[in-house]
6 protein chains.
Amino acid sequence: MFPGANADVDDAAYVVVGAPLDVSTSFQPGARFGPDRVRRFARGFEDYDHHTDQSFVSLDVADAGDVHAWDAAEEYLDFLEAELRDVVRDDAVPLLVGGEHTVTAAGVAAVDPDVLVVLDAHLDLREELDGNPWSHATVTRHALETVDEAVVLGARAGSDAEWERANEADVTVVPPEDVSEWTPDFDGDAYLSVDIDAADPGFAPGTGTPEPFGLTPREMRRVVRDVAPRAAGFDVVEVNDGDDGQAPVLAAKLLRAFVFAHASSR
Amino acid sequence: MFPGANADVDDAAYVVVGAPLDVSTSFQPGARFGPDRVRRFARGFEDYDHHTDQSFVSLDVADAGDVHAWDAAEEYLDFLEAELRDVVRDDAVPLLVGGEHTVTAAGVAAVDPDVLVVLDAHLDLREELDGNPWSHATVTRHALETVDEAVVLGARAGSDAEWERANEADVTVVPPEDVSEWTPDFDGDAYLSVDIDAADPGFAPGTGTPEPFGLTPREMRRVVRDVAPRAAGFDVVEVNDGDDGQAPVLAAKLLRAFVFAHASSR
Amino acid sequence: MFPGANADVDDAAYVVVGAPLDVSTSFQPGARFGPDRVRRFARGFEDYDHHTDQSFVSLDVADAGDVHAWDAAEEYLDFLEAELRDVVRDDAVPLLVGGEHTVTAAGVAAVDPDVLVVLDAHLDLREELDGNPWSHATVTRHALETVDEAVVLGARAGSDAEWERANEADVTVVPPEDVSEWTPDFDGDAYLSVDIDAADPGFAPGTGTPEPFGLTPREMRRVVRDVAPRAAGFDVVEVNDGDDGQAPVLAAKLLRAFVFAHASSR
Amino acid sequence: MFPGANADVDDAAYVVVGAPLDVSTSFQPGARFGPDRVRRFARGFEDYDHHTDQSFVSLDVADAGDVHAWDAAEEYLDFLEAELRDVVRDDAVPLLVGGEHTVTAAGVAAVDPDVLVVLDAHLDLREELDGNPWSHATVTRHALETVDEAVVLGARAGSDAEWERANEADVTVVPPEDVSEWTPDFDGDAYLSVDIDAADPGFAPGTGTPEPFGLTPREMRRVVRDVAPRAAGFDVVEVNDGDDGQAPVLAAKLLRAFVFAHASSR
Amino acid sequence: MFPGANADVDDAAYVVVGAPLDVSTSFQPGARFGPDRVRRFARGFEDYDHHTDQSFVSLDVADAGDVHAWDAAEEYLDFLEAELRDVVRDDAVPLLVGGEHTVTAAGVAAVDPDVLVVLDAHLDLREELDGNPWSHATVTRHALETVDEAVVLGARAGSDAEWERANEADVTVVPPEDVSEWTPDFDGDAYLSVDIDAADPGFAPGTGTPEPFGLTPREMRRVVRDVAPRAAGFDVVEVNDGDDGQAPVLAAKLLRAFVFAHASSR
Amino acid sequence: MFPGANADVDDAAYVVVGAPLDVSTSFQPGARFGPDRVRRFARGFEDYDHHTDQSFVSLDVADAGDVHAWDAAEEYLDFLEAELRDVVRDDAVPLLVGGEHTVTAAGVAAVDPDVLVVLDAHLDLREELDGNPWSHATVTRHALETVDEAVVLGARAGSDAEWERANEADVTVVPPEDVSEWTPDFDGDAYLSVDIDAADPGFAPGTGTPEPFGLTPREMRRVVRDVAPRAAGFDVVEVNDGDDGQAPVLAAKLLRAFVFAHASSR
Ligand SMILES: [Mn+2]
Ligand SMILES: [Mn+2]
Ligand SMILES: [Mn+2]
Ligand SMILES: [Mn+2]
Ligand SMILES: [Mn+2]
Ligand SMILES: [Mn+2]
Ligand SMILES: [Mn+2]
Ligand SMILES: [Mn+2]
Ligand SMILES: [Mn+2]
Ligand SMILES: [Mn+2]
Ligand SMILES: [Mn+2]
Ligand SMILES: [Mn+2]
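The structure presented is a predicted model; accordingly, all values stated were derived computationally and were not measured. Position numbers for residues count from 1 along each chain, tracking the sequence in the order it is written. Written order decides the labels, with chains lettered from A and ligands numbered from 1. Local features in a predicted model are, by the rule used here, given only for residues with pLDDT of at least 70; side-chain atom pairs are given and counted only at 80 or more, and totals for whole chains, interfaces and linings are based on all residues. The side-chain values count all of the structure's non-hydrogen atoms but skip hydrogen atoms and water molecules.

**Topic: the sheet that holds strand 5 (residues 93-98) of chain A**
Residues and elements named next belong to chain A.
Step number 1: Strands sit in the order 4-1-5-10-9-6-7-8 across an open sheet of eight strands; the sheet is parallel. The strands lining the two open edges of the sheet, one partner per strand, are strand 4 (61-66) and strand 8 (171-174). Taken pair by pair, the neighbouring strands of this sheet meet at an average axis angle of 15°, ignoring direction.
Step number 2: When DSSP locates at least two bridges between a pair of strands, those strands are taken to pair. Where helices and strands are cited, they refer to DSSP runs of H or I of at least four residues and of E of at least two residues respectively, numbered from the N terminus. With four bridges connecting them, strand 7 (residues 149-153) and strand 8 associate as parallel partners. The partner of L153 across the bridge, within strand 8, is V174. Lines are fitted to the C-alpha atoms to define the axes, a helix being fitted only along its stretch in contact, and any angle between axes, read from their N-to-C directions, falls within 0 to 180 degrees.

Shown next, in the form of structure tokens:
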């Protein structure tokens, strides 16, 4: 259980859902261990948040455990989406913990927001990768079937075709150097997705496709805090078991930052 | 390159082929790193083999590199099989290095032997796993579409249905305790497949589904030496990057033991 | 949750209880991660056991989770004992997963057996260690306050005073070399405790005080199978997070071997 | 021996003392390996310091080895304090290397300074943790029994009650974002304690309770250099063996920065 | 093969050469694994570079494999230099991947540039180390036998004698704090050498002598991009296998940044 | 300090000497960390030995620390030999802890025994390796300049030329399968050298050139116990820092087994 997520799923305002999908990871596998790692490294945290003067246990967060993954990604995403729709139907905010980034497609579909805000080193705008239309590298494109706009913060890698796609009106790319200047300027409500590889590998080595020259943890936290009040869904993805805790401890902290900022804005 | 595999692929008597498939691994991923790990840990070996009084470099072994894997296992196996058929057509013996056990299906199809001899902790006789008919846990069943008989040495795990299937006439199961007594008694030629998890996890922790109470390295070597003279194809699979070298060093040594025994019997 | 431990605690025949105590570990810490590791490495196992022709999920095993540990060992043991007494009162067999060996004191007190059978590299017969009467190195002595006899299998280390204590009538020590000859010859019912360091460090490096020249996994399994039919409680302890899975995968398998053997003898 | 600490303890100006206490670590253990790790990772350093134009070996630093720890923290702290008093009595500056943060209580008691300056992610102002009044999370409070004022630099975590305690006149908290602005403005002499978790986990993952959004190494060095001239004692704590050298190499360098700055101000 | 380095060595504009020398590493060994690690961690990268709008595979980069190293450093450097001279003679730019920093001596000798620009935590201006005139700590001095000027960016460690040597007219040292201000102001052409330990250990822990308080990855990339247009040779050295990918992923990315910047300036 | 080696070097009956030479390791480096690792993993042992009824601390063992190594192997061996001669002159038995196997040359030269008994996977009878006459792979040959006979127990690897050399009268090779049958049958006194790679890699993965199909720990201990009474010098070598403690804990235990057996035979 995510530490402090003591609420019952039925009464919760926020529901942690683990989604250990790990089939399309193209370089280093292990995203399947993400939910475990994130929960484990959250054990060292204080319940109390000084920044918002709130106690995590008092915020009605539940942990629904993991939605067991298998290797048929598309089927799994349908199943996961249904689980997340239940969370949304109960007026709770889903807090999805990946697993590979593909799971965001289920999160976005369940929440049906106007905008996707995503922290990511990669554009994830491919149509397919190695013939797989459900690769983690396609997730922003899938989300664009639902949302009106995608804002990709910290992106520094993509194919030629992806950068072209990013030039269209429904995508905004903010390079890592400019993320500290960005403020939420979109209309409507949002879904916030944190691909941990948005961070520089020094701060999050345990991820499938580390990409140097990334964000600092504080830049990521600032985005999370600013977007949270307008977000109806959240995920943090692509944490694996390949480091000494840097990636999961950052992921866990960003999840908490989301909850604290969201709750204090209500 | 596998150390000592200096021959040209076209002139070779043995061809190392890496097959880093890693999609259906159900517990611990990393089989994609198997070919690299096996080649790397072979660097510490002497070229000369005292047991057979042969030099490895003199045995016309080539290394064809890896057949790049993607996540559509069935397509990949077709492609891999074609590559291996080329090897067989050139009268060379393929030495496949996985990757997950599923790749054996391609090896067996390319070699078309009478018998499959497999060292494995698991029966791998499932029809599917989590809906996937090309899971590593189905590979012996797939091989039975080609071979007349499968001999599974060291098996100690399987589902109820797999054990039932194993009772049929075309399957022989030798439990770990009896492997040291077993001698090749089959008719025709063989394909020898070594799932490294046949070994006790103390000797091969770096594998996808370690299973205690397994074989000793010498028991495995004895089987390899005895089967090699009658084998037309070989693989060693399920080595990952999750240990301190125990699994890949054993795998590399067994591959060499196969070549030395096969060559000295010609 | 321990894989397959799907029963409700209230209706269970066996109850897994994690006891992540980790305060007196004198050399390498990390026993606190034992319950997590043991549960995680059990994920790779088949549900079905061919040896006894039983399905694990059908044996009414529940997982009660962990009894959160703090650093006042004596208090903690009282609390843990009360939890385990509840299990015993419900006619279930407790399956304790440590944590340091000290937790066996709670297990023995709750079960109140006639005999303690313990697999351990160490005698654990100290009166105190560094002034601590509740050190892991004292646990057999504590158990002797409850049981009539202690049988220590695989012991190869102890202080001079411990070996003297071991000469008394209520203690039987079987050195590693003789364990394969030993058969249960005690009167009454037993509590079986497996300190994973009974195994040779090659088979279980992830433990607090590894001691070479130990048992093989099969020797340990044989003892577990033979003692289980007469045991009313079980634990496996001293697994930490310092290896590549060897210790937890063996521990998980021995726990299952206990359940399978116990259930099939009923 | 800390590299370059070649002086005799009796003639030394500075004395390194290892204090491998590791009993109350609440999340990840291993602080017991801190002294070893810090000494080991200092082996790669040049003796000469360009910043102050001094040679480390010429500064009369001795290494008194470790004060062997056991699990009765309070007793141990008394014993350690006595050892450190001997250092102080000989007009040497103690350089304590933890071990968990609790050991600072002994350092402060032995040095008896006016002010405690502490770099830490945590307030460590608890009265007890899980009933333990000598937990690492209580050390600043214990120090306040001796000092007139505590300045906690980089703090970003604490319970509600700790933050309230921090509001009292004898505590100053400087959040991570403001540390680069802070300059020593206290009266009297100081004891400087460096909890390595003050750093962002990217720079010091090997610590018991990593807390994202922390300080950079240069911010920490600046504080050490500015406080050293007014400090009569120093420690660096909470380094464990759970990373690839980042935490111990930073700790070792900060210890040296302290000595260089202190010596050049004399 | 370095991913995307698909050109033939004979037709290439750039040639990757691995130089796994690892004999004089004074603290942590493993530089021999640098070429493998750098190639492996480059597998996660996109072929396309948005910054320069170029595709890596289109830039005629070849990978010549490794020049097998042995422990007679001076002999090895002669041999390596000859290999690199062949590359230069073919009008290609060598991209050397160490191995220890000593290999730069061969690179500089083969390229014969006017200036050496080196990113390094260390001055590497020793005459010998432990009696070895071919230690990695002497490489800048060796290069000065060829070049007119050496610019050492990010240096923060050296012996007293090295700093004195650095005061001479042919050496410019830019401390880490000033690297972001530096721009190439030298005459003639350059050889650019990247000792990965120039980075702060948080960003590159896997190196032989990590030295805190170093450069950020972006600072290093800026230097690479600015120097590349005037450089005729490049290397990245001192990456070992002792981290979770931070050092090799940064090294691989800097190598690519060099190629992209160099190619787009032609 | 090796735990329990409390005697003064001048009065000692046995003197531990660390020799962290690590220059010729051909595959995996790290032998330089051997002395540290062996001492550290001995910390978990009881002082008392039940087998011989002796206390280690009572046996007058001293620890002289390490003889700092540099990369000129031949010079270093001379220096080391002189140190060891001092030990021998004081009528103490040297207990050398490597470092690479080359250090045995110094040990043998200092002790000047009639026979070398060596546990090793490798013959180490080369004249040179890659041009280096002081490679670890030459050490038995160097020893044969001093001793009349070398007995190599557990050898399973060597070049063709080495096996030929092994056929001469002054060398006896006992293959791993026959080691359990071997008993000391030589004349005169001995020097006993334990290359940890004699063990199967499952029991000692942390070594430079692991070689499967090796000895069990008990087989090695039996040899140590039987040879010790006739030995005047001992070493254990080739332990590195690349495993989870298996190699160093076995090495430390074999060193102690030597001392216990030697002392009880006096
Ligand atoms: Mn992504
Ligand atoms: Mn990404
Ligand atoms: Mn298999
Ligand atoms: Mn298997
Ligand atoms: Mn025990
Ligand atoms: Mn024990
Ligand atoms: Mn603290
Ligand atoms: Mn702290
Ligand atoms: Mn350098
Ligand atoms: Mn450097
Ligand atoms: Mn050797
Ligand atoms: Mn050897």
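**Quick look at the sheet that holds strand 4 (residues 61-66) of chain B**
Residues and elements named next belong to chain B.
Step number 1: An order of 4-1-5-10-9-6-7-8 is seen for the eight strands of this open sheet, with the pairing classed as parallel. Two strands close off the open sheet at either side, each with one partner strand: strand 4 and strand 8 (171-174). Neighbour to neighbour, the strand axes of the sheet diverge by 15° on average, direction disregarded.
Step number 2: For this analysis, residues touch if any pair of their heavy atoms sits within 4.5 Å. Together, strand 1 (14-19), strand 4, strand 5 (93-98), strand 9 (190-195) and strand 10 (231-237) form the strand contacts of helix 7 (residues 246-265), whose direction differs from that of strand 10 by roughly 170°.

**Considering the coordination of the manganese ion (ligand 5)**
Residue and element names in this part refer to chain C.
Step number 1: Because no water is among the atoms considered, metal sites can look incomplete, with donors defined as N, O and S atoms within 2.8 Å of the metal, or 3.2 Å for Na, K and Ca. Taken together, H101 (ND1), D120 (OD), D124 (OD) and D195 (OD) make up the protein donors of the manganese ion (ligand 5), found 2.1 to 2.2 Å from the metal.
Step number 2: Separating the manganese ion (ligand 5) from the manganese ion (ligand 6) is a distance of 3.1 Å, and D120 supplies a donor atom to each of them. Placement of the pair is H101 in the loop between strand 5 (93-98) and helix 3 (103-111) and D124 in the loop between strand 6 (115-119) and helix 4 (139-143), with a sequence separation of 23 residues.
Step number 3: A 1.4 Å probe rolled over the protein chains alone gives each residue an accessible area, and that area as a share of the maximum for its type sets the label: buried under 20%, exposed over 50%, partly exposed in between. Given the relative accessible area of 1%, H101 is considered buried.
Step number 4: For D124, a relative accessible area of 3% puts it in the buried group.

**Topic: the relation of the copies chain E and chain A**
Step number 1: When the copies are overlaid, the least-squares fit takes in C-alpha atoms only where the residue has pLDDT of at least 70 in both copies. For the match of chain E to chain A, the screw axis carries a shift of 0.0 Å, the RMSD comes to 0.0 Å, and the turn is 120°. Taken together, the rotation angle and the small translation identify this as a three-fold axis. The position closest to the rotation axis in chain E is occupied by the C-alpha of G202(E), lying 3.1 Å away.

**Some remarks on the pattern of salt bridges**
Step number 1: Salt bridge, as used here: a side-chain nitrogen of Lys or Arg that lies within 4 Å of a carboxyl oxygen of Asp or Glu. One pass over the structure, following the stated rule, counts 96 salt bridges over all chains.
Step number 2: Across the pair D226(A) and R222(A) runs a salt bridge whose closest N-O atoms are separated by 2.9 Å. Pair noted here: D226(A) and R222(A) are both in helix 6 (residues 217-227), with a separation of four residues, about one helical turn.
Step number 3: Between R141(F) and E127(F) there is a salt bridge, with its nearest N and O atoms 3.7 Å apart. Placement of R141(F) in helix 4 (residues 139-143) and of E127(F) in the loop between strand 6 (115-119) and helix 4 is noted, with a sequence separation of 14 residues between them.
Step number 4: Using a relative accessible area of 57% as the deciding quantity, one classes E127(F) as exposed.
Step number 5: Here the salt bridges do not stand alone but share partners, grouping R39(A), D63(A) and D66(A) into one network.

**Some points on the interface of chain F and chain C**
Step number 1: Contacts between the two partners involve 19 residues from chain F, matched on the other side by 27 residues from chain C.
Step number 2: Here's the idea: put two parts together, see how much 1.4 Å probe accessible area each one loses, and the total over both is what we call buried area. For the pair chain F and chain C, the summed buried area comes to about 2,000 Å², and 59% of that belongs to carbon and sulfur atoms.
Step number 3: In terms of surface lost to chain C, no three residues of chain F exceed E46(F), R218(F) and D244(F), which account for 31% of the buried area on that side.
Step number 4: At the boundary of chain F with chain C, the tally comes to three salt bridges.
Step number 5: Where E46(F) meets R126(C), a salt bridge forms, and the shortest distance between an N and an O atom there is 2.7 Å.
Step number 6: Looking at the side of chain F that touches chain C, the elements with two or more residues in it are helix 1 (34-41), helix 6 (217-227) and helix 7 (246-265) of chain F.
Step number 7: Broken down by element, the residue count for the side of chain F that touches chain C peaks at five residues, all from helix 7 of chain F.
Step number 8: For this classification, Asp, Glu, Lys and Arg are treated as charged, while Ala, Val, Leu, Ile, Met, Phe, Trp, Tyr, Cys and Pro are nonpolar and the rest, including Gly, are polar. Classifying every residue of the side of chain F that touches chain C by side-chain character gives eight nonpolar, four polar and seven charged.

**Focus on helix 3 of chain C**
Step number 1: Burial analysis of helix 3 of chain C places nine of its nine residues in the buried class, the great majority of the element.
Step number 2: Restricting attention to buried positions, one finds in helix 3 of chain C the residues V103(C), T104(C), A105(C), A106(C), G107(C), V108(C), A109(C), A110(C) and V111(C).

**Points about the packing of aromatic side chains**
Step number 1: Here a pair means two rings of Phe, Tyr or Trp (six-membered ring of Trp) with centres within 6.5 Å. Their orientation is stacked below 30 degrees between planes, edge-to-face above 60, and tilted elsewhere. The final tally for this structure, using the stated rule, is 42 aromatic pairs over all chains.
Step number 2: Ring geometry for W70(E) and F79(E): centres 6.1 Å apart, planes at 65°, overall edge-to-face.
Step number 3: Among the aromatic residues, ring-to-ring pairing joins F2(A), F56(A) and F260(A) into one connected group.
Step number 4: Look at NZ for Lys and CZ for Arg. If either is within 6 Å of the ring centre and within 35 degrees of the ring normal, a charge sits over the ring. Directly above the ring of F213(D) sits R221(A), whose terminal nitrogen or CZ lies 4.3 Å from the centroid.

**A word on the UniProt feature "binding site: Mn(2+) 2" (unreviewed entry) in chain A**
Residue and element names in this part refer to chain A.
Step number 1: UniProt positions are given in the numbering used here, feature names are shortened, and annotations may be inferred rather than shown by experiment. Here, UniProt's "binding site: Mn(2+) 2" (unreviewed entry) annotation points to D124.
Step number 2: Non-local contacts of D124, meaning those with residues more than four positions away in its chain, are made with H101, H136, A137, T138, V139, T140, R141, E162 and D195.
Step number 3: Within the local environment of D124, its side chain forms a polar contact with the side chain of H101, the two groups lying 3.0 Å apart. What qualifies as a polar contact is a pair of N or O atoms within 3.5 Å, subject to a donor-acceptor requirement within protein and to the restriction that residues adjacent in sequence count only when both atoms come from side chains.

**Section: the packing of helix 6 (residues 217-227) of chain D against helix 7 (residues 246-264) of chain D**
Axis angle and axis distance: for two packed helices, these are the angle between their axes and the distance between the axes, and together they describe the pair.
Residue and element names in this part refer to chain D.
Step number 1: For the pair helix 6 and helix 7, the least separation of the axes is 9 Å and the interaxial angle reads 30°. For the element pair helix 6 / helix 7, the angle class is roughly parallel. Of the two possible hands of crossing, helix 6 and helix 7 adopt the one that is right-handed. Counted together, P217, M220, R221, V224 and R225 of helix 6 and L250, L254, A257, F258 and A261 of helix 7 form the full contact between these two elements.
Step number 2: Of the residues assigned to the contact of helix 6 with helix 7, the class counts are eight nonpolar, no polar and two charged. With respect to orientation, any angle under 35 degrees is reported as roughly parallel, any angle over 145 as roughly antiparallel, any angle of 65 to 115 as roughly perpendicular, and every other angle as oblique. Here a crossing is called left-handed whenever its near helix is offset anticlockwise from the far helix by less than a right angle, and right-handed whenever the offset is clockwise.

**Here we look at the side chain of R126(D)**
Step number 1: Relative to the helices and strands, R126(D) is located in the loop between strand 6 (115-119) and helix 4 (139-143).
Step number 2: Of note is the side chain of R126(D), whose polar atom sits 2.7 Å from the side chain of E46(A).
Step number 3: Residues within four places of R126(D) in sequence aside, it is in contact with E46(A), A137(D), T138(D), R141(D), S159(D) and E162(D).

**What about the coordination of the manganese ion (ligand 8)?**
Residue and element names in this part refer to chain D.
Step number 1: Here the manganese ion (ligand 8) is held by the protein donor atoms D120 (OD), H122 (ND1), D195 (OD), D197 (OD) and D197 (OD), which lie 2.0 to 2.4 Å from it.
Step number 2: We note that the donor set of the manganese ion (ligand 8) lies within a single chain, spaced as D-x1-H-x72-D-x1-D.
Step number 3: Separating the manganese ion (ligand 8) from the manganese ion (ligand 7) is a distance of 3.1 Å, and D120 supplies a donor atom to each of them. Within this pair, whereas H122 is found in the loop between strand 6 and helix 4, its partner D197 is found in the loop between strand 9 (190-195) and helix 6, the two being separated by 75 residues in sequence.
Step number 4: When its relative accessible area of 9% is taken as the criterion, H122 is described as buried.

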